[in-house]
Amino acid sequence: MSSSTSRVGSEDVVGKQFDRCLADTIVKVGIGFSVGVVGSVLLFKRRQWPIMLSTGFGAGFAINDCDRQFNPARVPGTRILQSDKLPQPQ
């Protein structure tokens, strides 16, 4: 029997990353909006600025996570090695 490895196209990898990024953005913006609504109702006499501020925080966190997902070199402590300098298994 031959072992066959399935190859994944680069567009599939980018598509999965984009889908994960979009889902993460929806969740974080939704949580930020919810926290803003609760804070606005309970603490700030139904003002609009807590909703906008917390929604912006959620969007900012989501954008930062997407940036780190698409550009792993920006994660502190991560090194990108060239293929010729990778350690060879023995």
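The text that follows walks through the structure, step by step, so that each part is easy to find. (Residues numbered from 1 in each chain as written. Predicted model: local features only at pLDDT ≥ 70, side-chain atom pairs only at ≥ 80, totals over all residues. Heavy atoms only, no water.)

## Quick notes on the packing of helix α1 (residues 10-42) against helix α2 (residues 49-70)
Geometry of a packed helix pair, given as the angle between the helix axes and the separation of the axes.
Thinking step 1. Two elements in contact, α1 and α2, have axes whose closest approach is 7 Å; the angle formed by their N-to-C orientations is 160 degrees. The angle between the axes of α1 and α2 places the two elements in the roughly antiparallel class. Note that α1 runs across α2; the crossing there is right-handed. (Axes fitted to C-alpha atoms, helices over the stretch in contact; angles between N-to-C directions. Helix = DSSP H or I, 4+ residues; strand = E, 2+ residues; numbered from the N terminus. Parallel < 35°, antiparallel > 145°, perpendicular 65-115°, else oblique. Left-handed = near helix turned anticlockwise from the far one by under 90°.)

## Examining α2
Thinking step 1. In a regular helix each residue adds 1.5 Å, so 22 residues correspond to 32 Å; α2 covers 31 Å between its end C-alpha atoms and thus fits that length.
Thinking step 2. Every buried residue of α2 is accounted for by P50, S54, G58, A62 and C66. On an axial view of α2, the arc spanned by its buried residues comes to 140 degrees, and they lie on one face. Of the exposed residues in α2, the ones pointing more than 90 degrees away from its buried face are M52, F57 and I63. (Expected span 1.5 Å × (residues − 1). Buried < 20%, exposed > 50% of the residue type's maximum accessible area, 1.4 Å probe, protein only. Arc of directions from axis to C-beta.)

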